[in-house]
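Tertiary structure, described
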Amino acid sequence: MAKIESSLFDLGALDALACRQSAVHRLDPRAKLVTTLIFVCTVVSFGKYEISALLPFVLFPLTLVLTAGLPAGMLLKKLLLAAPFAFFIGVFNPLLDRQILLQLGSLEISGGWISFASILLRFALTVFAALVLIATTSFTGVCMAMERLGAPRIFALQLLFLYRYLFVLIDEAVRMVRARALRSFHGRGMGMKVAGNMAGQLLLRTLDRAQRIHQAMLCRGFDGEIRMLRPLHIGYREVRFTLSWTAFFLLLRFFNLPQLFGGFLTELFR
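As the structure is a computational prediction, the values presented were derived from the model and not from experiment.

**Regarding the nonpolar core**
What tends to happen in soluble globular proteins is that the nonpolar side chains get buried as a cluster. With 35 residues, the main nonpolar core has Leu14, Phe39, Phe57, Phe60, Leu70, Leu75 and Val132 as its most contacted residues. For this core, the secondary-structure elements that each account for two or more residues are helix H1 (2-17), helix H2 (29-44), helix H3 (59-68), helix H4 (72-90), helix H6 (111-137), helix H7 (139-148), helix H8 (153-183) and helix H10 (236-254). Among the elements that line this core, the one with the most residues is H6, at eight residues. In this view, Val132 contacts Pro61, Leu64, Val65, Leu70 and Leu75; residues no more than four positions away in its chain are not counted.

Here it is as structure tokens:
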């Protein structure tokens, strides 16, 4: 349970990082969201056997991390928490695709291992970029940018409430589990029957608390529009940010720079 509380605290830490003041933080959320979406679409458009062409894409999230002064270690830890999902998606590829595509000396590498590595690399790039987006924009800013870009308001609100009420749900679960642990002696009250009753109580408590939160929002004038203290403005910096990175992504998409650079060095030192 301590791990759950720690993970929840770290999840909220992304929004705390979004309150910093840097060149990346001051950019309009719409520019950052569009650029990240183009980045994700470009990365996932590569074939399953392409690895070298994906490597230069790490420059995008890495540049934003360095420019915004984000703690890379914390972001990498969050990336590792989600890594098992990608691992289990591609773990059977080496068993299903055994055709030899690469040979390094006496080492033969099948297409399954290459596609497995490609899945992990694309997962790491896209998820890390999404984490950087939230850490420089906040989840509220991302939802507001989605709405301003034409997404249905109800969809943006539901996504924002899902994120916010996740904290409420986990908080109620932590309190109930802690209370049960303090009242249980010699393992009593730890069975599945009690766990089922607790799940029902958790649902009732969450619904009740959600209603109280909704009433508090209405009392404070909430009208369904997402607002931020920082005004939205698309200027020269936002246009330059989006166009320059988009051009860079397209360059990497149509030209395998590591392969071209390797061929150039081979010809140079031949």
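What follows picks up the thread again.
**Side note on a nonpolar patch on the surface**
On the surface, a nonpolar cluster with roughly 590 Å² of combined accessible area is contributed by Leu250, Leu251, Phe254, Phe255, Leu257 and Leu260. Listing elements by their share of the nonpolar patch, those giving two or more residues are H10 and helix H11 (257-268). With respect to the helices and strands, Phe255 occurs in the loop between H10 and H11.

**Some details on the pattern of salt bridges**
A full pass over the atoms with the stated rule returns four salt bridges. In this structure, the salt-bridge partner of Arg237 is Glu238, at a minimum N-O distance of 3.9 Å. For Arg237, a relative accessible area of 35% gives the class partly exposed. Exposure remark for Glu238: the relative accessible area of 5% places this residue in the buried category.

**Quick notes on unusual backbone geometry**
The backbone of Ser138 sits at a positive phi, close to 80°, despite the residue not being glycine. For Ser138, a relative accessible area of 11% gives the class buried.

**A word on helix H9 (residues 192-219)**
For H9, with 28 residues, the first-to-last C-alpha span of 40 Å sits near the 40 Å given by 1.5 Å per residue. The set of residues buried in H9 consists of Met198, Leu202, Thr206 and Met217. Against H8 lie the buried residues of H9. Phi turns positive one or two residues past the end of H9, at Gly221, with a value near 90°.

**Points about H11**
Taking 1.5 Å as the rise per residue, H11 with twelve residues should run 16 Å; its terminal C-alpha atoms sit 16 Å apart, in good agreement. With zero of its twelve residues buried, H11 lies for the most part at the surface.

**A few points about the side chain of Asp28**
Within the secondary structure layout, Asp28 lies in the loop between H1 and H2. Given the relative accessible area of 3%, Asp28 is considered buried. Beyond its immediate chain neighbours, meaning those up to four positions away, Asp28 contacts Leu232, His233, Ile234 and Glu238.

Quick notes on the rules
Residues numbered from 1 in each chain as written. Predicted model: local features only at pLDDT ≥ 70, side-chain atom pairs only at ≥ 80, totals over all residues. Heavy atoms only, no water. Core = buried A, V, L, I, M, F, W, Y, C linked by side-chain atoms within 4.5 Å. Buried < 20%, exposed > 50% of the residue type's maximum accessible area, 1.4 Å probe, protein only. Helix = DSSP H or I, 4+ residues; strand = E, 2+ residues; numbered from the N terminus. Contact = heavy atoms within 4.5 Å. Patch = residues over 30% accessible without salt bridge, like charges linked within 9 Å, V, L, I, M, F, W, Y side chains within 5 Å. Areas by Shrake-Rupley, 256 points an atom, 1.4 Å probe, with all protein chains shown as cover. Salt bridge = Lys/Arg side-chain N within 4 Å of Asp/Glu carboxyl O. Expected span 1.5 Å × (residues − 1).

Keep in mind these numbers describe shape, not what the thing actually does.
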